[in-house]
Amino acid sequence: MTNPSPEAPLRLASWRELALLALLTLCWGLNWPVMKLGVQDYPPLAFRAISMGLGLLVLYVIARIGKVALAAPRAHWRQIMLLGIPNMVIWHVFIILAVKQLSSGRSAILGYTMPLWAALLAWLLYREKLSARAAFGLACAGAGVALLLQQEWLSLSGRPLGLLCALIAAAGWALGTILLKRDAPPLPTICLTFWMLAQALLCLCLGSLLFERAAWRAPDAKTWAAIWYNAVVVFGFAHVAWFRLARLLPPLASGLSVMLIPMVGVFSGAWLLWETPHWQDYAALCLMLLAMGAVLLQKKE
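Predicted model only: the values in this text are computed from it and were never measured. Sequence order sets the numbering: in each chain, residues are counted from 1 along the sequence as written. Local features are withheld for residues below a pLDDT of 70 in this predicted model, meaning they are given only at 70 or higher, and side-chain atom pairs are given and counted only at 80 or more; totals for whole chains, interfaces and linings count all residues. Values shown for side chains rest on all heavy atoms present in the structure; no hydrogens or waters enter the calculation.

## Some points on the overall build of the protein chain
Moving on, step 1. Only DSSP runs of H or I reaching four residues or more are called helices, and only runs of E reaching two or more are called strands; each is numbered from the N terminus. Looking only at helices and strands, the protein chain features twelve helices and zero strands.
Moving on, step 2. Across the protein chain, helices and strands are ordered from the amino to the carboxyl terminus as α-α-α-α-α-α-α-α-α-α-α-α.
Moving on, step 3. The long-range share in the protein chain, meaning contacts at least 24 apart out of those at least 6 apart in sequence, stands at 88%. Contact definition: two residues touch when any of their heavy atoms are within 4.5 Å.

Structural data, given as structure tokens:
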């Protein structure tokens, strides 16, 4: 398959891709309150490690059923490792720490600043043209982040470190998406996903061992439900679907195609967890959607 150029206009390859995007939006959007449920009374790195370990087993079963080889040639190990660090290690470690400290909706809003980070990093690292619309989008995103940062500092229970963790996670994911587009090894998507997740699992286990060992205990029923949702739905389906789309579409397009996920995260968090979004959350969400829409609607020059 020939990859489109980074400047190719946003388009969906088929109705099948459209259905995949819709399902991905729902699954990942609902996962924000699910993750919050999982880490409310459980160490966050351990929660993510157990979920990911079971998710790898799910991927292994899917690969065997589909007769997809998971063996990666030695020549591609370095590429897999370099792609896994931003796409999996940075994203999963920092975002689960953010979810522990912030509301699920706020974590979703900040996590999905990824497309704006992608525009900025592509401009800084690869001198890709930053259009006036993209610059406007980045300004809107910056204003949204500033609103949330101000509210976190002013709140007696504010967690500015959680906000910082979410932004680091989003920037890491953006860099990983750009690198995936430019230097993905010629491996099946499920194989690449499997080994990048395995790399992240190793880092999560090490981090939990070093910083959470005293809090280790058996998960309760609520935590197990969140773990299995992540293992089957998020790691077994959503990650494979995401990397398939990231390979098919330009980096900005693949990020912007899932721009509704933070909206699902905010409102499902209010519904499932009785979270009460502040006006800053709604304002920031509107600014983020305006920012991503500005980039989404820019014309090919």
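## Thoughts on the packing of aromatic side chains
Geometry of an aromatic ring pair is reported as the spacing of the ring centres plus the angle between the planes.
Moving on, step 1. Geometry of aromatic contacts follows a simple scheme: Phe, Tyr and Trp rings, the Trp one being its six-membered ring, pair when their centres are within 6.5 Å, and the pair is stacked under 30 degrees between planes, edge-to-face over 60, tilted otherwise. For the structure shown, the criterion picks out six aromatic pairs.
Moving on, step 2. Considering the side-chain rings of Trp 28 and Trp 173, the 6.0 Å spacing of their centres and the 70 degrees angle between planes classify their relative orientation as edge-to-face. One end of the pair, Trp 28, is in helix H1 (residues 15-39); the other, Trp 173, is in helix H7 (residues 160-183), with 145 residues separating them in the sequence. Comparing Trp 28 with Trp 173, the two get one shared label, buried.
Moving on, step 3. For the pair Phe 194 and Trp 195, a centre-to-centre distance of 5.1 Å together with 85 degrees between the ring planes defines the contact as edge-to-face.
Moving on, step 4. The rule is simple: take the accessible area with a 1.4 Å probe, protein chains only, and divide by the maximum for that residue type; under 20% is buried, over 50% is exposed, in between is partly exposed. Relative accessible area serves as the criterion here: at 36%, Trp 195 is assigned to the partly exposed category.
Moving on, step 5. Taken together through their ring pairs, the aromatic side chains of Trp 28, Trp 32, Trp 91, Tyr 112 and Trp 173 make up a single cluster.
Moving on, step 6. Positioned above the aromatic ring of Tyr 126 is the side chain of Arg 182, whose terminal nitrogen or guanidinium carbon lies 3.9 Å from the ring centre. A ring is considered to have a charge above it if a Lys NZ or an Arg CZ atom is located within 6 Å of its centre and within 35 degrees of its normal.

## Regarding the packing of helix H2 (residues 44-65) against helix H3 (residues 77-101)
Moving on, step 1. Fitted lines through C-alpha atoms serve as axes, helices being fitted only where they are in contact, and the angles separating the N-to-C directions of these axes extend from 0 to 180 degrees. Two numbers describe how H2 lies on H3: the axes approach to 9 Å, and their chain directions differ by 125 degrees. On the basis of their axis angle, the class for H2 and H3 is oblique. Along this stretch, H2 crosses H3, giving a crossing that reads as right-handed. Contacts between H2 and H3 involve Pro 44, Leu 45, Phe 47, Arg 48 and Met 52 from the first element and His 92, Val 93, Ile 96, Leu 97 and Lys 100 from the second. Roughly parallel here means an angle under 35 degrees, roughly antiparallel means over 145, roughly perpendicular means 65 to 115, and every remaining angle is called oblique. Note on convention: near helix rotated counterclockwise from far helix by under a right angle means a left-handed crossing. Clockwise means right-handed.

## Notes on the nonpolar core
Moving on, step 1. Ranked by size, the top nonpolar core spans 80 residues in total, and within it Trp 28, Trp 32, Phe 47 and Leu 110 carry the most contacts.
Moving on, step 2. For Leu 110, the contacting residues outside a window of four places in its chain are Leu 102, Val 145, Leu 148, Leu 163, Ala 166, Leu 167 and Ala 170. We call a set of buried residues a nonpolar core when its members are Ala, Val, Leu, Ile, Met, Phe, Trp, Tyr or Cys and they connect through side-chain atoms within 4.5 Å of each other.

## Re unusual backbone geometry
Moving on, step 1. At Lys 67, a residue that is not glycine, the phi angle is positive and equals roughly 55 degrees.
Moving on, step 2. Note that Lys 67 resides in the loop between H2 and H3.

## Quick notes on empty space enclosed by the protein
Moving on, step 1. With a 1 Å grid spanning the protein atoms alone, the term cavity applies to any set of points in which a 1.4 Å probe fits but cannot get out, the term pocket to an open set with protein on both sides within 12 Å along at least five of seven lines, and the term lining residue to any residue with an atom within 4 Å of a point. Grid points are joined across faces, edges and corners, and a volume is the space filled by probe spheres set on the points. Under the definition given, this model contains two cavities of 30 Å³ or more.
Moving on, step 2. When contributions to the lining of the largest cavity are tallied by element, the ones reaching two or more residues are H1, H3 and helix H9 (221-248).
Moving on, step 3. Top contributing element to the lining of the largest cavity by residue count: H1, with four residues.

## Observations concerning the environment of Ile 109
Moving on, step 1. Position of Ile 109 among the secondary structure elements: in helix H4 (residues 104-111).
Moving on, step 2. Separated by 35 residues in sequence, Ile 109 and Gly 144 have C-alpha atoms that sit 9.2 Å apart.
Moving on, step 3. Not counting the four nearest positions on each side in its chain, Ile 109 is found in contact with Leu 148, Pro 262, Val 266, Asp 281, Ala 284, Leu 285 and Met 288.

## Things to note about the side chain of Lys 36
Moving on, step 1. Looking at where Lys 36 falls in the secondary structure, it is placed in helix H1.
Moving on, step 2. Judged by relative accessible area, which is 13%, Lys 36 ranks as buried.
Moving on, step 3. Polar contact criterion, stated in full: a pair of N or O atoms within 3.5 Å, where within protein one must be able to donate a hydrogen and the other to accept it, and residues adjacent in sequence count only if both atoms are side-chain atoms. Engagement of the side chain of Lys 36 in a polar contact is seen with the backbone oxygen of Lys 100, the distance being 3.2 Å.
Moving on, step 4. For Lys 36, the contacting residues outside a window of four places in its chain are Val 99, Lys 100, Gln 101, Leu 102, Ser 104, Leu 273 and Glu 275.

## Here's the deal with the pattern of salt bridges
Moving on, step 1. Whenever Lys or Arg places a side-chain nitrogen within 4 Å of a carboxyl oxygen from Asp or Glu, that contact is recorded as a salt bridge. What the rule picks out here adds up to one salt bridge.
Moving on, step 2. Across the salt bridge formed by Lys 222 and Asp 41, the nearest N and O atoms sit 3.1 Å from each other. In this pair, Lys 222 sits in helix H9 while Asp 41 sits in the loop between H1 and H2, placing the two residues 181 residues apart along the sequence.

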